[in-house]
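Working through the structure, step by step
One letter stands for each residue in the lines below.
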Amino acid sequence: MYVATSTSAIVALAIAAAVIDARSRRLPNALVAPIGALALVQAVALSLERGHPSTLGAAVIAAVVLGILYAAMAFAGWIGVGDVKFIFVLGLFIGTFVGSAAIAIAPLAILLASAHRGLAALLGRETTQRLPHGPTILIAAAVVASFIPLGLV
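Below or above, wherever it landed, is the structure these notes cover. (Residues numbered from 1 in each chain as written. Predicted model: local features only at pLDDT ≥ 70, side-chain atom pairs only at ≥ 80, totals over all residues. Heavy atoms only, no water.)

1. Side note on the overall build of the chain
Each helix and strand counted, the chain has six helices and zero strands in total. Counted from the first residue to the last, the chain has its helices and strands arranged as α-α-α-α-α-α. Against the globule reference of 15 Å for 153 residues, the chain gives a C-alpha radius of gyration of 15 Å, in line with a compact fold. A buried classification covers 37% of the 153 residues belonging to the chain. Counting contacts in the chain only where the partners sit at least 6 residues apart, residues at least 24 apart contribute 73% of the total. Of the charged side chains in the chain, 8 are positive and 4 negative, and the gap between their average positions amounts to 5 Å. (Helix = DSSP H or I, 4+ residues; strand = E, 2+ residues; numbered from the N terminus. Rg over C-alpha atoms; globule rule 2.2 N^0.38 Å. Buried < 20%, exposed > 50% of the residue type's maximum accessible area, 1.4 Å probe, protein only. Contact = heavy atoms within 4.5 Å. Lys, Arg positive; Asp, Glu negative; His and termini not counted. Charge placed at Lys NZ, Arg CZ, Asp CG, Glu CD.)

2. Details of the packing of helix 3 (residues 53–75) against helix 4 (residues 81–98)
For any two helices packed against each other, one specifies the inter-axial angle together with the distance between the axes. Packing of helix 3 against helix 4 brings their axes to within 7 Å, and their N-to-C directions diverge by 160 degrees. On the basis of their axis angle, the class for helix 3 and helix 4 is roughly antiparallel. For the element pair helix 3 and helix 4, the recorded crossing hand is right-handed. Side by side, helix 3 and helix 4 meet where Thr55, Ala59, Val60, Ala62, Ala63, Val64, Leu66, Gly67, Tyr70, Ala71 and Ala74 of the first sit next to Asp83, Val84, Ile87, Phe88, Gly91, Leu92, Gly95 and Thr96 of the second. (Axes fitted to C-alpha atoms, helices over the stretch in contact; angles between N-to-C directions. Parallel < 35°, antiparallel > 145°, perpendicular 65-115°, else oblique. Left-handed = near helix turned anticlockwise from the far one by under 90°.)

3. Notes on the environment of leucine 40
On the secondary structure map, leucine 40 appears in helix 2 (residues 29–50). In this structure the C-alpha to C-alpha distance between leucine 40 and valine 89, which are 49 residues apart in sequence, comes to 8.4 Å.

4. What about the nonpolar core?
Of all hydrophobic cores here, the largest spans 36 residues; its most connected members are Tyr70, Phe86, Leu90, Ile94, Ile105 and Ile137. Of the residues forming this core, the biggest block, nine residues, is contributed by helix 4. The residues touching tyrosine 70, leaving out its near neighbours within four places in the chain, are Ile79, Asp83, Val84, Ile87, Ala106, Ala109, Ile110, His133 and Ile137. (Core = buried A, V, L, I, M, F, W, Y, C linked by side-chain atoms within 4.5 Å.)

What follows is the structure in structure tokens.
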């Protein structure tokens with residue numbers, strides 16, 4: 001019951017954050033922080049329930065790898081710090097279920113963002129300003145999570 005409730009809350013908060021990012025190019029800490037807190041509690045709870053500390057370990061490792069990769073991109077000026085925090089917490093959340101496969105969120109999100117920029121250019125839209133990356137991170141996380149029921153992770 002807790003997993004379903006926390007998962008629903010995390011998904012709702014993540015969707016709200018991505019919508020706000022798409023509109024304002026800002027990922028609000030007021031939404032990202034609760035996602036992180038819920039994801040951490042969920043990772044600990046599932047790790048204890050399963051009797052496998054590796055559940056928590058894999059989730060944390062995935063989140064850290066994603067965070068480091070995105071921190072490097074933010075340092076280069078390619079994305080904002082909000083994107084770093086968002087991918088970190090979603091990596092922790094998805095990593096609880098798929099382990100280190102959550103690292104696949106990064107290349108998929110980058111591919112989606114590149115496709116978004118390319119499509120905007122093809123349509124003649126101005127692409128000089130940074131595009132919001134939160135929605136592509138969320139879509140990439142959803143794609144990676146969709147492999148769970150298929151048994152691919």
